[in-house]
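Fold and geometry: a report
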Amino acid sequence: MMQIENLERVYHLGKANVAALKGVSFNIEDGEFVAIMGPSGSGKSTLMHILGCLDRPTQGRYYLEGHDISKLSDNQLAEIRNKNIGFVFQQFNLLPRMNSLHNVEIPLIYRHTRRSTRLEKAKKALERVGLGERLHHKPSEVSGGEKQRVAIARALINDPSLILADEPTGNLDTRTGNEIMKIFHNLNQQGHTIIVVTHENEIARQARRVIRLRDGLMVGDEVIGSAV
Amino acid sequence: MLFESFKIAISSLQANKLRTFLSMLGIIIGVGAVISIVSIGSGAQMEVTGQIAGLGSNVINIMPGGARMTGGQLTARTADNFTPELADYIHMLSPSVQNIIPQIQDSGAFTYRDVRVQATIIGTKPAFQEINLYNPSAGRFINQGDLETASQVVVLGSRLARNIFDGEDPLGKRVRLEINRRVLLLTVVGVMEERGGNFMGNFDTQAYVPFSTYTQKISSTQNISQFLAQARSADESREAVAQIDYFLSTYLEDEDNYMILSQEQILDVIHQVTRTLNIMLGGIAGISLLVGGIGIMNIMLVSVTERTREIGIRKALGAKKAHIMNQFLIEALTLSSLGGLVGTLLGWLGAFVIASFGGWALVVSPGSVALALGFSLLVGLFFGLYPAYKAANMDPVIALSYE
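Residues numbered from 1 in each chain as written. Chains lettered and ligands numbered in written order. Predicted model: local features only at pLDDT ≥ 70, side-chain atom pairs only at ≥ 80, totals over all residues. Heavy atoms only, no water.

**Observations concerning the sheet that holds strand 2 (residues 16-28) of chain A**
All names here are of chain A. Condition: Here, a strand pair is defined by DSSP locating no fewer than two bridges between the strands. The numbering of helices and of strands both runs from the N terminus, where a helix is a DSSP run of H or I of at least 4 residues and a strand a run of E of at least 2. Only heavy atoms enter the contact rule, under which two residues are in contact if any of them lie within 4.5 Å. Each axis is a line fitted through C-alpha atoms, and for a helix only the stretch in contact is used; angles between axes span 0 to 180 degrees, taken between their N-to-C directions.
The strand order 2-1-4-5 describes an open sheet built from 4 strands, whose pairing is antiparallel. Looking at the sheet topology across the chains shown, the edges are occupied by strand 2 and strand 5 (67-68). Where strand 1 (residues 2-13) meets strand 4 (residues 59-64), 5 bridges bridge the pair, whose relative direction is antiparallel. In the strand pairing of strand 4, Glu-5 is matched with Arg-61. In the packing of helix 1 (residues 44-51) onto the sheet, the strands contacted are strand 1, strand 2 and strand 4, and the crossing angle to strand 1 comes to about 120°.

So, in structure tokens, the structure goes:
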């Protein structure tokens, strides 16, 4: 589903050029559960932005389900993010003034889905992550783990083939973090491709494959036997 | 989608109520000023126009002298030319003139028992009543018979009658008139209705005697104060003025020897003055709308910066540039049109208060409301465009990492 060929990303900071990715190549197949690991400054955030179609590579190719991402316009990228990718962030990134239902329905608004359908789907997605009782709570009224579940429900709402999670347990305690990882496993078993970016070995070990980055280069790509 | 953007706009405006209000203030004041100024302008204009129309119907004043005669003496020739016969010539040669009467006047003093009252005495003809739309409230006005026999009768203005008779019924009473070093005994045959004063003088303190009585028994000269003419209709007023002007310029051989003043001309002047005033005040109101627009732009820029992260999230979730653009444009438009609505209500209220103090009718034209609201929408659109554009073109990665 994803082919990454010799990916480079250079930032122009004033007069200095900083290479965050210096040529990374790998493929990810449908239904994989991959962890991308590396210390801070390794380029894993940059890689995640490109994989999530939030950014374009400076050099190299990235094919997502056959689309050459570097050749698409901003609006086409927005459409791919909307339909094919579900994001889960470390900071949750929920809109504070809206309740869970309204946060979850946002991606459907940008697909021009009817209001009644949106709310129905949002409710189903929240039930899928075990939040059927928290539909009308605002982010400030629920716990960290529940916030992350709302975010996962939002990522699921368009039934994307790829779920991209950037340090999804970074702001959670271990127990809650494990619960969140469990949800990812369930989703993986239901056929979603999952990519988790993390710097924690604990988390990475729960994936089936770990890609390691250091200083903008890939330094490891190993398949771990089985998931939890 | 539009409805969603509208809902988002409302909720973000609600989240900062004081800020929302303050940023709308410029628009509120601007729109309020436009509505009240236009309303006050047209109310006052209607009032003055009504006063002038009340002076009579399609009245044209023709006076001796003119531009050069500013406080100076009339030349003997000009004064001599203004004779009752001239009125007849004008009438014959100006088809658009329905009535024309000579008018002659001087001040005199009435005595009745021990009351002595000063008044302006006007020698005139029956048509005066029709030209000025001015009717007696008791008795009658001067008639053709009075004119033919030069009878010694007088018709009093309402206030003059009260001053002389103090509650007594004036009809049939005889009063002594001292005027031009002569003394006459006149019988009161009528009292005119209340007319009130205006910038042309006060009808209520004048007394009216037959033109022939005046010329035969009061003044030996035939010097006319002015001619009072009436056009056949309002539509013919301009033609009547042109015809009189043409005749007089030929007959008196010099345009400076006479002056023609029609109601139409007075109205034109008033319209011009109010128009100029309206344009000036409208300009001021426009500037305050502009300032209001800048206020909106300022607050929208703040709002865009504050919500950088929200913009990043929305973009990550699939919002296209147009979606973000719409959201912030609609917010700016909501802000400005809300300000416009509040301003309209306040302006209306202001106009109402001033109209009730000024004693004229409240006139709020739908046109001025539409103009003010439309303009405030335009201001919102114009000044919302740049902040919305800025929001729409944010880089999603940078926006997402904004703290």
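**Re the domain arrangement of chain B**
One frequently used descriptor of interface size is the decrease in accessible area upon assembly of the parts. Inclusion rule: For the domain bounds, the source is a domain assignment made automatically or taken from a database.
In terms of domains, chain B is made up of domain 1 (2-51 + 269-400) and domain 2 (103-230). Relative to domain 2 of chain B, the C-alpha centre of domain 1 of chain B lies at a distance of 60 Å.

**Regarding the packing of helix 3 (residues 100-109) of chain A against helix 5 (residues 144-156) of chain A**
All names here are of chain A. The line we're drawing: Angles below 35 degrees are treated as roughly parallel, those above 145 as roughly antiparallel, those between 65 and 115 as roughly perpendicular, and all remaining angles as oblique. Take the far helix as the reference: if the near one is turned anticlockwise from it by less than a right angle, the crossing is left-handed, and if turned clockwise, right-handed.
Relative to each other, helix 3 and helix 5 sit at 30°, their axes nearing to 7 Å. The orientation of helix 3 relative to helix 5 falls into the category roughly parallel. Here helix 3 runs over helix 5; the crossing is right-handed. On helix 5, the residues touching Ser-100, Asn-103, Val-104 and Pro-107 of helix 3 are Val-150, Ala-153 and Arg-154.

**Here's the deal with the side chain of A:Thr46**
Inclusion rule: Between N or O atoms, a polar contact is any pair within 3.5 Å; within protein, one atom must be a potential hydrogen donor and the other a potential acceptor, and residues adjacent in sequence are included only when both atoms are from side chains.
Relative to the assigned elements, A:Thr46 resides in helix 1. Only 3.4 Å separates the side chain of A:Thr46 from the side chain of A:Tyr11, close enough to count as a polar contact.

**Examining the pairing of strand 3 (residues 115-124) of chain B**
All names here are of chain B. With 9 bridges connecting them, strand 2 (residues 97-112) and strand 3 associate as antiparallel partners. Within strand 3, the position partnered with Thr-111 by the bridge is Arg-116. Linking strand 2 back to strand 3 in an antiparallel pair, the connection comprises 2 residues, with Arg-113 at a positive phi of about 50°. Direction of pairing for strand 3 relative to strand 10 (residues 206-210): parallel, over a ladder of 5 bridges. The residue of strand 10 that forms the bridge with Ile-122 is Tyr-208.

**As for the sheet that holds strand 10 (residues 217-223) of chain A**
All names here are of chain A. Spatial strand order, 6-7-8-3-9-10: 6 strands in an open sheet with mixed pairing. Looking along the sheet, the strands with just one partner apiece sit at the ends: strand 6 (85-88) and strand 10. Here the strands of the sheet are splayed against their neighbours by 15° on average, with no regard to which way each runs. Here helix 2 (residues 74-84) sits on the sheet in contact with strand 6 and strand 7 (162-166), set at roughly 80° to strand 6. The strands that helix 6 (residues 174-189) touches are strand 3 (33-37), strand 6, strand 7 and strand 8 (193-198); relative to strand 3, the one it contacts most, it runs at about 135°.

**Observations regarding empty space enclosed by the protein**
Rules: Computed over the protein atoms alone on a 1 Å grid, cavities are sets of points where a 1.4 Å probe fits but cannot get out and pockets are open sets with protein on both sides within 12 Å along at least five of seven lines; a residue lines them when it has an atom within 4 Å of a point. Grid points are joined across faces, edges and corners, and a volume is the space filled by probe spheres set on the points. For this scheme, ten residues count as nonpolar: Ala, Val, Leu, Ile, Met, Phe, Trp, Tyr, Cys and Pro. Four count as charged, namely Asp, Glu, Lys and Arg, and the remainder, Gly too, count as polar.
If you walk through the whole model with that rule in mind, you get 1 cavity of 30 Å³ or more. The volume enclosed by the largest cavity comes to roughly 60 Å³. Forming the walls of the largest cavity are A:Arg81, A:Asn82, A:Ile85, A:Gly86, A:Phe87, A:Pro107, A:Arg154, A:Ala155, A:Ile157, A:Asn158, B:Ala316 and B:Leu317. Within the residue set of the lining of the largest cavity, elements represented by two or more residues are helix 2, strand 6 and helix 5 of chain A. Considered class by class, the residues forming the lining of the largest cavity number 7 nonpolar, 3 polar and 2 charged.

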